[in-house]
Amino acid sequence: FTSTDGSTYTGFGIYVGVGVQEATLAKKLQYTWYTALDFVQLVRFSLVQLFTGGAGLDDISGPVGIVSTMTEVGSEAETASDAWSQIFYFAALLAVMNLLPFPALDGGRVFFLLVDAVAMLLVGKKVPERYQMAVNMAGFVALMGFMLLITFQDVFRLIR
């Protein structure tokens with residue numbers, strides 16, 4: 001038999017492949033949708049690993065670590081186009097993380113909009129703004145404290 005790289009071999013096997021497909025608008029949208037789902041699964045997997053002990057604080061990066069990683073990726077890319085592609089990929093992943101339903105993130109705001117909609121249906125009133133502000137402030141303080149801890153860790157990691 002002749003393998004896909006042109007060399008000959010003797011044996012049994014199955015070769016499954018996808019031929020080249022035309023990049024229509026529908027195919028591009030399908031690819032974008034599947035990539036977005038991959039990002040959501042990656043964020044979910046990362047959070048599960050973090051909360052179950054599969055990943056620790058050494059595996060987390062804050063702003064300093066993110067910039068360091070992006071610089072490393074950019075300098076190791078073969079072309080400027082590859083570097084920008086990786087940077088945009090990472091930015092899209094961060095955008096998905098911003099949609100987590102945590103107070104002070106955009107996902108927290110969406111969560112409160114859903115809570116308000118349910119409250120309007122059940123009680124006929126929205127959740128008072130002062131409660132939403134208090135929850136968002138507590139979430140913001142927790143998020144900033146966590147970011148401060150991770151930033152110190154990133155700086156010490158760079159120094160070592």
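Right, let's walk through the structure included here. (Residues numbered from 1 in each chain as written. Predicted model: local features only at pLDDT ≥ 70, side-chain atom pairs only at ≥ 80, totals over all residues. Heavy atoms only, no water.)

### A look at the overall build of the protein
Basically, it comes down to this: In this description a helix means any DSSP run of H or I spanning at least four residues, a strand means any run of E spanning at least two, and both kinds are numbered starting from the N terminus. Only the C-alpha atoms count toward the radius of gyration. The rule for a globule is 2.2 Å times the residue count to the power 0.38.
What the protein contains, in helices and strands, is five helices and zero strands. The order of helices and strands in the protein, counted from the N terminus, is α-α-α-α-α. Against the 2.2 N^0.38 benchmark of 15 Å for 160 residues, the protein shows a C-alpha radius of gyration of 23 Å, more extended than a compact globule. Expressed as lengths along the three principal axes of its C-alpha atoms, the size of the protein is roughly 75 × 50 × 35 Å.

### Looking at a nonpolar patch on the surface
The criterion, for reference: Patches here are clusters of residues that have more than 30% relative accessible area and form no salt bridge, with a 9 Å joining cutoff for like charges and a 5 Å cutoff for nonpolar side chains (Val, Leu, Ile, Met, Phe, Trp, Tyr). Accessible surface is estimated by sampling points in the Shrake-Rupley manner with a 1.4 Å probe; for residues, cover comes only from the protein chains shown. We count a salt bridge whenever a side-chain nitrogen from Lys or Arg sits within 4 Å of a carboxyl oxygen from Asp or Glu. When a residue's accessible area, from a 1.4 Å probe over protein chains only, is under 20% of the maximum for its type it is buried; when over 50% it is exposed; and in between it is partly exposed.
On the surface, a nonpolar cluster with roughly 520 Å² of combined accessible area is contributed by Leu148, Phe152, Val155, Phe156 and Ile159. Following the sequence through the fold, Phe152 ends up in helix H5 (residues 129–159). For Phe152, a relative accessible area of 49% corresponds to the partly exposed category.

### What about the packing of helix H4 (residues 106–122) against H5?
The line we're drawing: Axes, fitted as lines to C-alpha atoms, cover a helix only where it is in contact. Angles between the N-to-C directions of the axes lie from 0 to 180 degrees. Each angle receives one of four descriptions, namely roughly parallel if under 35 degrees, roughly antiparallel if over 145, roughly perpendicular if within 65 to 115, and oblique otherwise. Handedness of a helix crossing follows the sense of rotation of the near helix relative to the far helix, less than a right angle counterclockwise being left-handed and clockwise being right-handed. Throughout, a residue-residue contact means that at least one pair of heavy atoms, one from each residue, lies within 4.5 Å. Only Asp, Glu, Lys and Arg are considered charged in this grouping, and only Ala, Val, Leu, Ile, Met, Phe, Trp, Tyr, Cys and Pro are considered nonpolar; every other residue, Gly among them, is considered polar.
The contact between H4 and H5 brings their axes to 12 Å, and the two run at 155 degrees. Classed by the angle they form, the pair H4 and H5 counts as roughly antiparallel. Relative to H5, the crossing made by H4 is right-handed. Facing H4, whose interface residues are Arg109, Phe112 and Asp116, H5 presents Gln132, Val135 and Asn136. Tallied by class, the residues present in the contact of H4 with H5 amount to two nonpolar, two polar and two charged.

### A word on the packing of helix H1 (residues 25–52) against helix H3 (residues 80–98)
Remark: H1 packs on H3, axes separated minimally by 9 Å, with the N-to-C direction vectors making an angle of 65 degrees. Of the two elements, H1 crosses H3, and the hand of that crossing is right-handed. For the pair H1 and H3, the contacting residues are Phe39, Val40, Leu42 and Val43 in the first and Tyr89, Ala92, Leu93, Val96 and Met97 in the second. Among the residues forming the contact of H1 with H3, the class breakdown is nine nonpolar, no polar and no charged.

### Describing the packing of aromatic side chains
Rule in force here: Between rings of Phe, Tyr and Trp, where Trp is taken as its six-membered ring, a pair exists when centres lie within 6.5 Å; planes separated by under 30 degrees are stacked, by over 60 edge-to-face, and by other angles tilted.
According to the stated counting rule, one finds three aromatic pairs in the structure shown. On the basis of an interplanar angle of 65 degrees and a centroid distance of 4.8 Å, the ring pair of Phe39 and Tyr89 is categorised as edge-to-face. Within this pair, whereas Phe39 is found in helix H1, its partner Tyr89 is found in helix H3, the two being separated by 50 residues in sequence. For Phe39, a relative accessible area of 6% translates into the label buried. Using a relative accessible area of 42% as the deciding quantity, one classes Tyr89 as partly exposed.

### Examining the environment of Asn136
Condition: Nitrogen and oxygen atoms within 3.5 Å of one another constitute a polar contact, given that in protein one can donate a hydrogen and the other can accept it, and given that sequence-neighbouring residues count only through two side-chain atoms.
Structurally, Asn136 is set in helix H5. Owing to a relative accessible area of 24%, Asn136 belongs among the partly exposed residues under this scheme. Taking the C-alpha atoms as reference points, Asn136 and Gly108, separated by 28 residues in sequence, lie 8.0 Å from one another. What Asn136 contacts, discounting residues up to four positions off in sequence, is Pro103, Ala104 and Phe112. At 3.3 Å, the side chain of Asn136 forms a polar contact with the backbone nitrogen of Ala104.

### Here's the deal with the side chain of Gln153
Relative to the assigned elements, Gln153 resides in helix H5. What makes Gln153 buried here is its relative accessible area of 13%. When residues no more than four places from it in sequence are discounted, the contact partners of Gln153 are Leu57, Asp58 and Ile60.

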